[in-house]
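Remarks on the overall topology
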Amino acid sequence: MNAELSARQIRRTEGVDSVQALQRVLYRSAKQLPQRQFHALYDKVSRRDILVRAWEQVRANGGAPGVDGVAIDDIEAAGVSEFLDKIAASLKSVTYRPKALRRVEIPKPGQPGKFRPLSIPTVLDRTVMTAAKLVLEAIFEADFKPSSFGFRPKRSAHDALEAARKEANANGNWILDADIENCFSEIDHDALMTQVERRVCDRNMLKLLRSWLRVGVLKDGAVTNRPAGTPQGSPISPLLANIALNLLDEEWEQEGGNGKLARFADDLVVVCKTERQANRAKERVGDIIAKLGLRLHPDKTKIVDLSKGASGFDFLGFHLHKRKSRKWQKWYLHAWPSRRALSVIRGRIRQITDRRYVGSSINEIVERLNQALLSWSRYYRYGVPSESFGAIDSYTHECLAIFASNKHGRRGRNWATHYNSDWLDKLDLVRLSGTKRYGVAHA
């Protein structure tokens, strides 16, 4: 029975659309046959339903135009149907070629003076990449290990934090807190394609992936080749990185005895029972990722002693530290927003309440603050953020009082007189204190 026939049956019996049905067929086939190689995938990328779903995701994600200057709005104005027809024709005739990537550098949140380089594909290329991702992700999801949490369906950073917390509470007092240096920029192309070829033998699909890996980057008017790395900033990049780093997850699971691994993309922790085990884990992680042309970041990789609250570590925007339970007299791992995370939201609050906006009404400023606070708190509700949330509430009140004082020509903060808690209560300002939600949320 072929995949198309099986997909039609799944669509009828399980009540899903054609794209989901295809993904389920591919996933189940890969799961049932771990050694199977898929040879007919390229034609799926040019399917109309796949391209339509890909376009919907690209449009929802937004983003800047690539080197051709064509924006999402331009495509909608000219006609999406014609745009997708053009893509399908170039894929079917095997004449599709990606354009160079546009290099931009964006500031790193909470790290003044530091920037993250992004390579932006054109909207057309992003659509094709997303279509390929829709097809390939289902196959490789069957191989990914439970220790991998980053950029995967129905998995989130909170899940990775929860896995680390549970393992640390089970007598895991030593942590390898590791970061892979320049992971997306230095993955060896041959090593990555070797991992891809374990599952994919469709020559046209492999050529398509290699074309994205080899495409040059346009910066300062010149195109430079990329000898290694995946196009960070493209829809396909997280999947390719996970395919490569699955080598680490597989070997770690096979060997055992080196601690419990929790990995979110290139950020990982290993929970160990002894310092010796943690040192051995550090050495082993370095050896495995070296096969991919990667290395551990010397400054961001460290071994941490959690016993009796001796020290803590930052992971995925949270600070994790053991605290003693008054009731049970035992040490448990707790999580709250890291200093950098608090610095980011404070900076955003200062920006919104800057005196250059005194021409705006208080209600307009409150509305902007609410958007920023809600967006930030949705992620940082995990763990025990009450103390941090209270501090942010107080800081927001202070900044808003200073803004109101500037607006009305008063000197000082005046948040104990004119702009006190009674004044604040009359505003429809979001208060983070008391908004903690228990349980693990999915991104």
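Residues numbered from 1 in each chain as written. Predicted model: local features only at pLDDT ≥ 70, side-chain atom pairs only at ≥ 80, totals over all residues. Heavy atoms only, no water.

**Here we look at the nonpolar core**
As a rule of thumb, soluble globular proteins bury nonpolar side chains together. The following threshold applies: Buried Ala, Val, Leu, Ile, Met, Phe, Trp, Tyr and Cys residues form a nonpolar core when they are joined through side-chain atoms within 4.5 Å. Residue exposure (1.4 Å probe, protein chains only): buried if accessible area is under 20% of the type maximum, exposed if over 50%, otherwise partly exposed. Helix and strand assignments follow DSSP, with helices taken as H or I runs no shorter than four residues and strands as E runs no shorter than two, numbered in order from the N terminus. We call two residues in contact whenever any of their non-hydrogen atoms come within 4.5 Å of each other.
By size, the foremost hydrophobic cluster in this structure holds 75 residues, and its most contacted members are Leu41, Val196 and Trp212. In terms of residues, this core owes the most to one element, helix H7 (residues 123-141), which gives 12 residues. In this structure, leucine 41 is in contact with Leu26, Val135, Leu136, Ile139, Val200, Asp202 and Met205, ignoring residues within four places of it in sequence. In this structure, Ile175, Val271, Ala335 and Ile365 belong to the second largest nonpolar core, which totals 50 residues.

**A few points about the packing of aromatic side chains**
Selection rule: Whether two aromatic rings pair depends on their centres lying within 6.5 Å, for rings of Phe, Tyr and Trp, where Trp uses its six-membered ring; planes under 30 degrees apart make the pair stacked, over 60 edge-to-face, and the rest tilted.
Here the structure, examined in full by the defined rule, presents 9 aromatic pairs. Seen in terms of ring centroids, phenylalanine 151 and phenylalanine 264 are 5.7 Å apart; in terms of plane orientation they differ by 45°. Their pairing is tilted. Separated by 113 residues along the polypeptide, phenylalanine 151 in the loop between H7 and helix H8 (157-169) and phenylalanine 264 in strand E6 (residues 260-264) bring together distant segments of the chain. The class for phenylalanine 151 is partly exposed, based on a relative accessible area of 46%. For phenylalanine 264, a relative accessible area of 18% corresponds to the buried category. Three or more aromatic residues joined by ring pairs form one cluster here, namely Phe318, Trp376, Tyr379, Tyr380, Tyr382 and Phe389.

**What about the packing of H7 against helix H11 (residues 203-214)?**
The line we're drawing: All axes are obtained by fitting lines to C-alpha atoms, using only the stretch in contact for helices, and the reported angles, taken between N-to-C directions, cover 0 to 180 degrees. Here roughly perpendicular refers to angles of 65 to 115 degrees, roughly parallel to angles under 35, roughly antiparallel to angles over 145, and oblique to all remaining angles. Left-handed describes a crossing whose near helix is turned anticlockwise from the far helix through less than a right angle; right-handed describes the clockwise counterpart.
Packing of H7 against H11 brings their axes to within 12 Å, and their N-to-C directions diverge by 130°. When the axes of H7 and H11 are compared, the pair comes out oblique. Along this stretch, H7 crosses H11, giving a crossing that reads as left-handed. Contacts between H7 and H11 involve Val128, Met129, Ala132 and Leu136 on the former and, on the latter, Met205, Leu208, Leu209 and Trp212.

**Concerning the layout of surface pockets**
Formally: The distinction between a cavity and a pocket rests on a 1 Å grid over the protein atoms alone: a 1.4 Å probe fits inside a cavity but cannot get out, while a pocket stays open yet meets protein on both sides within 12 Å along at least five of seven lines, and a residue with an atom within 4 Å of a point counts as lining. Grid points are joined across faces, edges and corners, and a volume is the space filled by probe spheres set on the points. Nonpolar residues are Ala, Val, Leu, Ile, Met, Phe, Trp, Tyr, Cys and Pro. Charged residues are Asp, Glu, Lys and Arg, and all others, Gly as well, are polar.
Of the voids in this model, the largest pocket is the one considered here, and its volume is about 1,800 Å³. Breaking the lining of the largest pocket down by element, the ones donating at least two residues are strand E2 (115-120), strand E3 (174-179), helix H9 (183-186), helix H12 (237-255), strand E9 (313-315), helix H14 (339-352) and helix H15 (362-380). Of the residues forming the lining of the largest pocket, the biggest block, 4 residues, is contributed by E2. Broken down by class, the residue content of the lining of the largest pocket amounts to 20 nonpolar, 10 polar and 13 charged. Of the volumes computed, that of the second largest pocket is approximately 770 Å³.

**Observations concerning the sheet that holds strand E5 (residues 222-224)**
The condition that has to hold: Strands were regarded as paired on the criterion that DSSP finds at least two bridges between them.
Pairing in this open sheet of 4 strands is mixed, and the strands run E2-E1-E4-E5 from one edge to the other. Bordering the open sheet on either side are E2 and E5, each of which pairs with just one other strand. In this sheet, adjacent strand axes meet at a mean angle of 40° when their direction is disregarded. With 2 bridges connecting them, strand E1 (residues 101-107) and strand E4 (residues 217-219) associate as parallel partners. Each bridged residue has a counterpart across the sheet, and for leucine 101 the counterpart in E4 is valine 217.

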